[in-house]
Amino acid sequence: MENLTIEETKSTPRIIFDAQENILEIKGRSYPEDAMKFYKPAFDWLKEYVVALQGECTCNISLIYINTSSRKIFLMILKLLEKAHSQGNPITINWYYHPDNENAKELGEEYKEEIELPFNLIEEEA
Amino acid sequence: MEQINPGQEQPAVLVVDDEEAILEMLKTIFAREGYRVIITSDSRKVLKLTREYSPDIILLDIMLPFLDGFDVCRLLKNDLLLKEIPVIFLTVKSEKEDIVKGIEAGAVDYITKPFSVTELLARVKTHIELKKSKDQLQKMNDDILTSIRYARKIQNSILPDHNTLESFFSSYFILWRPRDIVGGDFYWFQPRKDNFLLILGDCTGHGVPGAFMTMIANSTLTRIAADYCNNDPAQILHHLNVIIRSTLHQTQNTLSSDDGMDIAVVYGNLTEKKVIFASARLSLFITRGSQAIFEIPGNRRSIGYSSSNEEYEFTNHEIVLKGNERFYLVSDGFTDQLGGENDLPMGKKGFRNYLRSCREDSLESQKIFLKERFLQYKGNNSQIDDVTVLGFTLKNNSPE
């Protein structure tokens, strides 16, 4: 399957989904005007990916700011991965945050509570 | 000399040149292409002719008696009514510096003599079309803005008025800064004899979609307070969740409409001297003089999203009033603002720190202080979301 690359903008993160290496990366800020519209290609890609997935997958997320509507979509993305995990493909989430970014840390904690996946909260170096 | 080749719907071109032969030639060329042509050799008449005939474009020579082309162009660009008309220099002066000077004077293009007729016509046509598109965009933008500004009037009219608030609060402030003209933050107040409901809501999104959500929230709250309950914040949130979900038909887990809100509900009773607070995500901050700031976080649930659970029960927190409490509600547009040294969100910690350093000031000066700190933190970043901070202290006695 083709890899997915979406370049970073001021209000949307960089997305690199690598189906060969099985590494999913999301990095930047997320406050698009229409979050549903922005994440649709990534969401569709993932739906296809998890069906074909065999083996381990790592998802690295590093987000400085996430608006409310993006949060809902992230939850849906994580739920999708959770399902694939429960079906026998080990998936690990690495949630990175800047030591001074209380909001990003709290959101990571919230997702960790809600999602049944190996979920590492990792403080980045300042 | 000046001459006009009359006609209505055709585009009009004003040609300014001191050489009769060139004027005549251009007149013929443009007339043949269906333009209305106005010509003059007198640079002092350009402004008057422009006002009179409203040309779509002006072709301007540079070396002219009396005023030179640069001066004429500057005069046009300084006139509010004429400055949008595109000016093209048509001149023998071909030095780089002249071209730069021409563009700096406000011209859209610069053509050197001798010129190719085809090229001149193509350029004139392009600039007239560009101007038309620009006018159209401007008009569309004006129409949209007029409509949104009107929407702001409506949104403002649902916000509680000063007199109502003043009869329950001995002092209060409202810092309300929508990111755009209208926004997704709103506050709602319902007075009764000796008790009231105060609500701060932060709907998903901002701008027009956010504002639509505030209107839904507003009427739903009025309905809940009238039909279900008006003194139990947790119950109000429960009903609000159920009604908003059904209003927005949010029953399926798809990537369709999934909107909702974070919302804090404060019930205050001046006779019983108590406050009850329940909230979907937003915190209530309480200060008592110089004591440490006390924060009651809301439940970690938003209202109305398809993922929210209809059975979920929110938590009531009761605060017994001692008389010196000050209460603060803040929407996450304040604490999420990107800025500071590392370009990170401010966080609730940031808000608490600001509140701590001004906790003994009057509410009025706190408002100014918080606003200044916010703007300072934001720096050159744009405001990321709608911002609301409410601060209030209750009257000691019931209103008459």
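A.B. asks: Can you explain a nonpolar patch on the surface? Please cite residues and give values.
C.D. replies: Taken together, the side chains of Tyr-150, Ile-154 and Met-215 of chain B define a hydrophobic patch exposed on the protein surface, amounting to about 290 Å² of accessible area. Tracing the backbone through its elements, the reader meets Met-215 of chain B in helix α7 (residues 207-227).

A.B. asks: Which residues make up the interface of chain A and chain B, and what values go with them?
C.D. replies: Listed as interface residues are 24 residues of chain A and, on the opposing side, 29 residues of chain B. Here chain A packs against chain B, burying approximately 2300 Å² in sum over the two surfaces, 52% of which is carbon and sulfur. Per-residue buried area on chain A facing chain B is highest for Met-36, Tyr-65 and Lys-72 of chain A; these three make up 24% of the total on that side. Along the contact surface separating chain A from chain B lie six salt bridges. As a salt-bridge pair, Arg-300 of chain B and Glu-110 of chain A come within 3.7 Å of each other at their nearest N and O atoms. Summed over the shared surface of chain A and chain B, the number is six residue pairs in polar contact (both at pLDDT 80 or more). At the level of elements, α1 (35-52), β4 (57-66), α2 (68-86) and α3 (102-114) of chain A are the ones that each hand at least two residues to the side of chain A that touches chain B. Classifying every residue of the side of chain A that touches chain B gives seven nonpolar, five polar and 12 charged.

A.B. asks: Describe the sheet that holds strand β5 (residues 91-97) of chain A, with residues and values.
C.D. replies: Residues and elements named next belong to chain A. On the basis of which strands lie adjacent, the open sheet formed by six strands has the order β1-β2-β3-β4-β5-β6 and mixed pairing. Every interior strand has two partners, whereas the edge strands, β1 (4-6) and β6 (119-123), have only one. Direction aside, neighbouring strands of the sheet carry axes that sit 15° apart on average. Pairing of strand β3 (residues 23-30) with β4, which is carried by eight bridges, proceeds in the parallel orientation. Bridged to Glu-25 within β4 is Asn-60.

A.B. asks: Which residues make up helix α3 (residues 69-77) of chain B, and what are the values?
C.D. replies: Residues and elements named next belong to chain B. Within α3 the residues assigned to the buried category are Gly-69, Phe-70, Val-72, Cys-73, Leu-76 and Lys-77. Down the axis of α3, the buried side of the element spans an arc of 165°, and every buried residue falls inside it. Elements that come into contact with the buried residues of α3 comprise α2 (46-53), β4 (57-60), β5 (87-91) and α4 (96-104). Sitting at the head of α3, Asp-68 places a side-chain oxygen 3.1 Å from the backbone nitrogen of Phe-70.

How each quantity is defined
Residues numbered from 1 in each chain as written. Chains lettered and ligands numbered in written order. Predicted model: local features only at pLDDT ≥ 70, side-chain atom pairs only at ≥ 80, totals over all residues. Heavy atoms only, no water. Patch = residues over 30% accessible without salt bridge, like charges linked within 9 Å, V, L, I, M, F, W, Y side chains within 5 Å. Areas by Shrake-Rupley, 256 points an atom, 1.4 Å probe, with all protein chains shown as cover. Salt bridge = Lys/Arg side-chain N within 4 Å of Asp/Glu carboxyl O. Helix = DSSP H or I, 4+ residues; strand = E, 2+ residues; numbered from the N terminus. Contact = heavy atoms within 4.5 Å. Buried area = accessible area lost by both parts, 1.4 Å probe. Polar contact = N/O pair within 3.5 Å; in protein donor to acceptor, adjacent residues only side chain to side chain. Nonpolar A, V, L, I, M, F, W, Y, C, P; charged D, E, K, R; others polar. Pairing = 2+ DSSP bridges. Axes fitted to C-alpha atoms, helices over the stretch in contact; angles between N-to-C directions. Buried < 20%, exposed > 50% of the residue type's maximum accessible area, 1.4 Å probe, protein only. Arc of directions from axis to C-beta.

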